Amino acid sequence: MPLRLNQTFRDALAGADRSLAGIWVCSGSPLVAEICAGAGLDWVLIDMEHSPNGLESVLTQLQAVAAYPVTPVVRVPIGDVVTIKQVLDLGAQNILVPMVSSKADAEAAVAAVRYPPRGTRGVGSALARSARWNRVDAYLQDAADHVSLFVQIETTAGVEAATEIAAVDGVDGVFVGPSDLAASMGLLGRQTHPDVVAAALSAFDAVRAAGKPVGVNAFDPVAADAYVQAGASFVLVGADVALLARGSEALAARYIPTGDRGERASY
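Right, let's walk through the structure included here. Not measured: the values here are computed from a predicted model.

Structural notes on the overall build of the protein chain
Next, step 1: Within the protein chain, the regular secondary structure consists of 12 helices and eight strands.
Next, step 2: Against the compact-globule benchmark of 18 Å for 267 residues, the protein chain has a radius of gyration of 19 Å, which places it among compact chains.
Next, step 3: With respect to the three principal axes, the spread of C-alpha positions in the protein chain is 60 × 40 × 35 Å.
Next, step 4: Counting across all 267 residues of the protein chain, residues that qualify as buried make up 49%.
Next, step 5: Surface summary for the protein chain: the accessible area is close to 12,600 Å², and the carbon and sulfur share equals 55%.

Next up, the structure:
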């Protein structure tokens, strides 16, 4: 019996009348991913760049969240054609590629998620979860409809090239990363510094002018609200591991009298 795949994150954004709120899943745990998927947020980001995630754990997390009305996005560790091919074949329909700082980087990412002649993605869907082992009719012909690609701007070079990056055909949206952007500006750990925010908003303007949705990472609720007001179509507002770390610290501070612990940033 033919199967249908879920809508892509591209389509979810196109049909939304507000900014979509999401959460990082960095633990590598399918159980935690499932808890996050059922929280009522719009999307979850399964991270392979800064988390202990490999192909097997990404697969189990995609399977765990599939039963919930939430859109999973997988951030690959690098814009590598082999890694992207493997993650797509796991059934990931939405890919985020980090450290995209030029038009050429964006074009390479597009090529990696498209089959020839448009791209370089290897053909193996009959053997893979992507096409549900050939149970999705015409998957090869319609694969571009089943996959959305988002690229991450997180350097000063990326901000300067934001207009060209966003204009690349096949880039469905741009995600701005203030933390690495701050580092590239010599402001390591100061992602809410006015200069960093101004650079992020400059990228916002460029991406929106190109007619593409723009998103951002902002664990600080005040910063998140400000970015939404500035036009962010999607925002990551927390992370599983950060919530656990801060929550467990709060319990320790409440019940164990060890003096001033100090407040830690959530990100």
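Observations regarding a nonpolar patch on the surface
Next, step 1: Nonpolar side chains collect at one region of the surface, where Leu251, Tyr255 and Ile256 lie side by side and expose about 350 Å² of accessible area between them.
Next, step 2: With respect to the helices, strands and loops of the structure, isoleucine 256 is situated in the segment after α12 (240-255).
Next, step 3: By relative accessible area, which is 45% here, isoleucine 256 ends up partly exposed.

Points about unusual backbone geometry
Next, step 1: Here the residue pair proline 116 and proline 117 is connected by a cis peptide bond, since its omega of 5° sits within 30 degrees of zero.
Next, step 2: Relative to the helices and strands, proline 117 resides in the loop between α5 (103-113) and α6 (139-146).
Next, step 3: Although it is not a glycine, asparagine 134 adopts a positive phi angle of roughly 70°.
Next, step 4: One non-glycine residue, alanine 138, lies in the positive phi region at around 55°.
Next, step 5: Within the secondary structure, alanine 138 is located in the loop between α5 and α6.

Notes on α5
Next, step 1: Taken together, the buried positions of α5 are occupied by Ala106, Ala109, Val110, Ala111, Ala112 and Val113.
Next, step 2: Turning to α5, the residues buried within the fold contact α4 (81-89), β4 (94-97), β5 (148-153) and α8 (162-167).

Some points on the packing of aromatic side chains
Next, step 1: The final tally for this structure, using the stated rule, is seven aromatic pairs.
Next, step 2: Their ring planes at 75° and their centres at 5.6 Å tell us that phenylalanine 150 and phenylalanine 234 sit as a pair that is edge-to-face. Taken together, the residues span a long stretch of sequence, with phenylalanine 150 in strand β5 and phenylalanine 234 in strand β8 (residues 234-239) at a distance of 84 residues. Per residue, the accessibility class of phenylalanine 150 equals that of phenylalanine 234, and both read buried.
Next, step 3: Centre to centre, the rings of phenylalanine 175 and phenylalanine 234 are 6.0 Å apart; their planes meet at 25°, and the pair counts as stacked. Of this pair, phenylalanine 175 sits in strand β6 (residues 173-176) while phenylalanine 234 sits in strand β8, and the two are 59 residues apart along the sequence. Neither residue differs from the other here; phenylalanine 175 and phenylalanine 234 are each classed as buried.
Next, step 4: Among the aromatic side chains, those forming a connected cluster through ring pairs are Phe9, Trp43, Phe150, Phe175 and Phe234.

Examining the side chain of serine 130
Next, step 1: With respect to the helices, strands and loops of the structure, serine 130 is situated in the loop between α5 and α6.
Next, step 2: Since its relative accessible area comes to 3%, serine 130 is described here as buried.
Next, step 3: Not counting residues within four places of it along the chain, the set of residues in contact with serine 130 comprises Leu5, Leu88, Asp89, Leu90, Gly91, Arg121, Ser125 and Tyr139.

Notes on the pattern of salt bridges
Next, step 1: If you walk through the whole model with that rule in mind, you get eight salt bridges.
Next, step 2: Across the pair aspartate 172 and arginine 10 runs a salt bridge, and its minimum N-O distance is 3.1 Å. Separated by 162 residues along the polypeptide, aspartate 172 in the loop between α8 and β6 and arginine 10 in helix α1 (residues 9-14) bring together distant segments of the chain.
Next, step 3: Exposure remark for aspartate 172: the relative accessible area of 15% places this residue in the buried category.
Next, step 4: According to the relative accessible area criterion, arginine 10 is partly exposed, its value standing at 21%.
Next, step 5: In this structure, aspartate 89 engages arginine 121 in a salt bridge whose closest nitrogen and oxygen atoms are separated by 3.2 Å. Remark: arginine 121 occurs in the loop between α5 and α6 and aspartate 89 occurs in helix α4; sequence separation between them is 32 residues. There is no split in this pair, since aspartate 89 and arginine 121 are both buried.

Thresholds applied
Residues numbered from 1 in each chain as written. Predicted model: local features only at pLDDT ≥ 70, side-chain atom pairs only at ≥ 80, totals over all residues. Heavy atoms only, no water. Helix = DSSP H or I, 4+ residues; strand = E, 2+ residues; numbered from the N terminus. Rg over C-alpha atoms; globule rule 2.2 N^0.38 Å. Buried < 20%, exposed > 50% of the residue type's maximum accessible area, 1.4 Å probe, protein only. Areas by Shrake-Rupley, 256 points an atom, 1.4 Å probe, with all protein chains shown as cover. Patch = residues over 30% accessible without salt bridge, like charges linked within 9 Å, V, L, I, M, F, W, Y side chains within 5 Å. Salt bridge = Lys/Arg side-chain N within 4 Å of Asp/Glu carboxyl O. Contact = heavy atoms within 4.5 Å. Phe/Tyr/Trp six-rings, centres within 6.5 Å; stacked < 30°, edge-to-face > 60°.

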